[in-house]
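# Structural overview for review
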Amino acid sequence: PRLNITTLPYSLPFRNMGLAGRLTYSFKNKYFTEFNFGYNGSERFSKEHRFGFFPTIGGSWVVSNEGFWKQNGLISRLKIRASHGLVGNDAIGDQRFFYLSDVDLATGPNYSQFGFNNQYERKGVFIRSYENSGITWETSRQTNLAMEATLLNNLSVIAEVYQNHRYNILRKRDIPVTEGLESDVFTNLGVVDSKGIDLSADYGRTFASGLGLSFRGNFTYSTNKYTYIEEPNYAEPWRHFIGQPISRGYGYIAERLFVDDEEVANSPSQIMSVQDEWGNKYTGTPRGGDIKYRDMNGDGKIDNLDLVFLGYPQTPEIVFGFGFSSRFKGLDLSAFFQGQSRVSFFVDPTRVSPFIPSFQQYIYGNTQVLQQFADSHWSEENQDLYAQYPRLGTDASAIANNLQSSSWWLRDASFLRLKSLEIGYTLPKRLLSRMHVNNCRLYVNGLNLFTLSSFKMWDPEQGGNGFAYPIQKVFNVGLNVNL
């Protein structure tokens with residue numbers, strides 16, 4: 001897709017070049033190897049960095065085909081495989097040609113006004129992007145090691161571990177505003193390391209009684225962290241991104257709610273602001289019943305220096321699913337479960353706070369009141385310092401202190417869901433022959449039937465916005481007839 005068609009550089013046809021090759025070899029159905037490569041050229045980079053060479057090599061060994069492998073009832077097939085290679089990515093930013101500057105001569109600030117009542121004006125030059133000939137391919141180097149096995153002739157298992165080193169990630173330079181640059185400057189500085197394990201199992205068997213049973217399951221555990229990222233030399237160690245997962249949340253540590261206005265006056269200053277999607281800024285002074293944040297560096301005020309990393313990443317580190325299907329004398333039953341773990345999210349108070357206009361563009365008017373907040377909120381009559389919702393307010397300025405990202409709104413997004421369940425019955429052949437029908441099956445199924453989670457306010461897959469369109473629970477009744 002085109003990135004932008006408002007200026008000439010973005011209206012030009014896209015032109016890229018690529019050369020790919022592949023070489024495979026096998027011997028006696030036991031040893032396999034493969035080498036492939038891509039030599040790719042991207043229009044987005046300068047001549048010095050335009051082309052990239054990305055090779056991959058892999059091999060496998062079917063151990064169970066060796067002469068020394070004796071067939072037994074435990075492991076009937078065993079295969080070991082490994083691969084190592086590079087992958088290049090040029091879709092790393094919104095700029096079409098990194099090595100060319102993009103200057104607009106008619107959209108900058110006004111430099112003169114003239115004519116009758118100054119009704120005419122001339123705009124200055126605006127620099128959308130600077131020439132940057134050093135930008136190149138983002139590259140991913142990955143190593144995989146896997147084992148495939150068939151156990152007891154009915155159970156297939158695949159276990160794979162991987163390690164990924166992604167470098168030359170495009171990042172914005174941390175340049176002080178005093179330099180006077182009109183647009184951001186980017187460079188290939190980011191480095192991220194990832195590792196994980198994938199497991200999958202598939203079992204199927206038909207018993208002498210006529211019972212057919214199958215099972216399938218998968219499990220993925222994956223972690224990542226910034227190995228290098230350009231950032232200031234913070235005096236506060238808790239502010240460094242290096243060593244942190246990519247999508248881990250960032251916010252203040254909430255201790256509890258303020259007892260009263262007197263405690264606010266005797267605590268570190270925490271006058272805060274919040275900005276909506278239209279650029280409107282709201283600033284308010286905290287009062288009794290508002291969230292009390294921890295002064296991490298002890299300087300007597302709450303500001304950006306007190307922000308810390310909180311919870312698990314907002315992308316799950318563990319994803320899993322499992323299910324079964326069975327059949328016996330025309331009756332069949334199947335189910336599938338899915339889930340995630342080691343994942344957090346922040347309730348978005350700008351979307352769910354009652355009595356104030358929502359910051360979401362397609363919701364107009366004041367936000368509705370969630371039952372949980374109605375049942376547990378701070379008030380003069382119920383000064384619960386650990387209520388689910390702090391002091392209520394009628395506008396964003398009044399409660400700007402409570403709309404900050406903090407541990408007060410941090411939640412565990414782990415869940416286990418019954419994704420699907422189906423029960424069916426196929427009429428017997430003797431009855432079908434009288435009806436002159438080849439097959440007839442009645443069935444009832446349901447989707448998203450129930451979810452087990454420690455978070456009860458709404459479906460955890462909705463993330464921080466309880467008023468987002470929810471996942472639907474669906475029931476179906478059907479008849480399938482083949483004449």
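Right, let's walk through the structure included here. (Residues numbered from 1 in each chain as written. Predicted model: local features only at pLDDT ≥ 70, side-chain atom pairs only at ≥ 80, totals over all residues. Heavy atoms only, no water.)

### Here's the deal with the overall build of the chain
Across its full length, the chain holds five helices and 25 strands. On C-alpha atoms alone, the chain measures out to a radius of gyration of 30 Å, which is more than a quarter above the 23 Å that the 2.2 N^0.38 rule sets for 483 residues. Taking the principal axes of its C-alpha atoms as reference, the chain extends roughly 90 × 70 × 50 Å. The long-range fraction of contacts in the chain, counting pairs at least 24 apart against all pairs at least 6 apart in sequence, stands at 65%. When the accessible surface of the chain is split by element, carbon and sulfur atoms take 56% of a total near 27900 Å². Across the chain, the mean location of the 47 positive side-chain charges is 14 Å away from that of the 47 negative side-chain charges. (Helix = DSSP H or I, 4+ residues; strand = E, 2+ residues; numbered from the N terminus. Rg over C-alpha atoms; globule rule 2.2 N^0.38 Å. Contact = heavy atoms within 4.5 Å. Areas by Shrake-Rupley, 256 points an atom, 1.4 Å probe, with all protein chains shown as cover. Lys, Arg positive; Asp, Glu negative; His and termini not counted. Charge placed at Lys NZ, Arg CZ, Asp CG, Glu CD.)

### A word on the side chain of Ser 60
By the secondary structure assignment, Ser 60 is in strand E3 (residues 51-62). A residue is classified by how much of its surface remains accessible, and Ser 60, at 14% relative accessible area, is buried. Not counting residues within four places of it along the chain, the set of residues in contact with Ser 60 comprises Lys 30, Tyr 31, Phe 32, Lys 79, Ile 80 and Arg 81. (Buried < 20%, exposed > 50% of the residue type's maximum accessible area, 1.4 Å probe, protein only.)

### Notes on the pairing of strand E23 (residues 415-426)
The pairing of strand E20 (residues 331-341) with E23 spans 10 bridges and is classified as antiparallel. Of the residues in E23, the one forming a bridge with Ala 335 is Leu 421. The sheet contact formed by E23 and strand E24 (residues 439-452) spans 10 bridges and is antiparallel. Looking at the pairing, Ile 423 lines up with Val 444 of E24. (Pairing = 2+ DSSP bridges.)

### Examining a nonpolar patch on the surface
A grouping of Tyr 25, Phe 27, Tyr 31, Trp 61, Phe 68, Ile 80, Leu 145, Met 147 and Val 161 is seen on the molecular surface, where their side chains present a nonpolar patch of about 850 Å² in accessible area. Of all elements in the fold, only strand E1 (17-27) and strand E9 (138-151) reach the threshold of two or more residues within the nonpolar patch. With respect to the element layout, Val 161 can be found in strand E10 (residues 155-172). (Patch = residues over 30% accessible without salt bridge, like charges linked within 9 Å, V, L, I, M, F, W, Y side chains within 5 Å. Salt bridge = Lys/Arg side-chain N within 4 Å of Asp/Glu carboxyl O.)

### So, the packing of aromatic side chains
Taken as a whole and judged by the stated rule, the model has 19 aromatic pairs. Judged by centre distance (5.7 Å) and plane angle (40°), the ring pair of Phe 241 and Tyr 250 falls under tilted. Centre to centre, the rings of Phe 345 and Phe 455 are 5.1 Å apart; their planes meet at 85°, and the pair counts as edge-to-face. With Phe 345 in strand E21 (residues 344-346) and Phe 455 in the loop between E24 and strand E25 (474-482), the pair connects residues that are 110 residues apart, well separated along the chain. (Phe/Tyr/Trp six-rings, centres within 6.5 Å; stacked < 30°, edge-to-face > 60°.)

### As for the nonpolar core
Within soluble globular proteins, side chains that are nonpolar tend to cluster in buried spots. Among the nonpolar cores identified, the biggest contains 29 residues, and Ile 291, Tyr 293, Val 347, Phe 373, Trp 409 and Trp 458 are the most heavily contacted of them. Contributions of two or more residues to this core are made by strand E14 (254-257), strand E15 (272-275) and strand E17 (291-293). Not counting residues within four places of it along the chain, the set of residues in contact with Val 347 comprises Val 352, Trp 409, Arg 411, Phe 455, Trp 458 and Gly 464. Core analysis: the second largest hydrophobic core is formed by seven residues, Phe 54, Phe 98, Ile 135 and Trp 137 among them. (Core = buried A, V, L, I, M, F, W, Y, C linked by side-chain atoms within 4.5 Å.)

### Some thoughts on unusual backbone geometry
For Asn 29, which is not glycine, the phi dihedral falls at a positive 55°. Within the secondary structure, Asn 29 is located in the loop between E1 and strand E2 (31-41). One non-glycine residue with positive phi stands out, namely Asn 153, at about 65°. Looking at the secondary structure, you find Asn 153 in the loop between E9 and E10.

### A look at the environment of Phe 215
Tracing the sequence through the fold places Phe 215 in strand E12 (residues 212-228). For Phe 215, a relative accessible area of 36% puts it in the partly exposed group. As a C-alpha pair, Phe 215 and Leu 155 span 60 residues in sequence and 9.0 Å in three-dimensional space. Once you skip the residues sitting within four places of it in the chain, Phe 215 turns out to touch Ala 201, Asp 202, Tyr 203, Phe 322, Gly 323 and Phe 324.

### Quick notes on the pattern of salt bridges
Inspection of every chain in the model, using the stated rule, returns 22 salt bridges. Here Glu 236 ties to Arg 239 by a salt bridge, and the two come within 3.4 Å at their closest N and O atoms. Residue Glu 236 is classed as buried on the basis of its relative accessible area of 11%. Where Arg 441 meets Asp 332, a salt bridge forms, and the shortest distance between an N and an O atom there is 2.8 Å. Placement of the pair is Arg 441 in strand E24 and Asp 332 in strand E20, with a sequence separation of 109 residues. The residues Arg 441 and Asp 332 share a single accessibility class, namely buried. Look at the salt bridges and you will find they share partners, linking Arg 77, Arg 81, Glu 148 and Glu 160 into a network.

### Some words on the pairing of E15
Every second residue of E15 is oriented toward a common face, the buried set being Met 272 and Val 274 and the non-buried set Ser 273 and Gln 275. In this sheet, strand E16 (residues 281-284) lies alongside E15 in antiparallel orientation, the contact comprising four bridges. Along E16, the bridge assignment pairs Gln 275 with Lys 281. Linkage of E15 to E16, two consecutive antiparallel strands, is achieved through a turn of five residues, within which Gly 279 is found at a positive phi near 90°.

### Some words on the environment of Asp 306
Along the chain, the position of Asp 306 falls in the loop between E17 and strand E18 (308-313). Separated by 61 residues in the primary sequence, Asp 306 and Pro 245 place their C-alpha atoms 19 Å from one another. With near-sequence residues (within four places) excluded, Asp 306 lies in contact with Trp 238, Gly 251, Tyr 252, Arg 294, Asp 295, Met 296, Asn 297 and Lys 301. Of note is the side chain of Asp 306, whose polar atom sits 3.3 Å from the backbone nitrogen of Asn 297. (Polar contact = N/O pair within 3.5 Å; in protein donor to acceptor, adjacent residues only side chain to side chain.)

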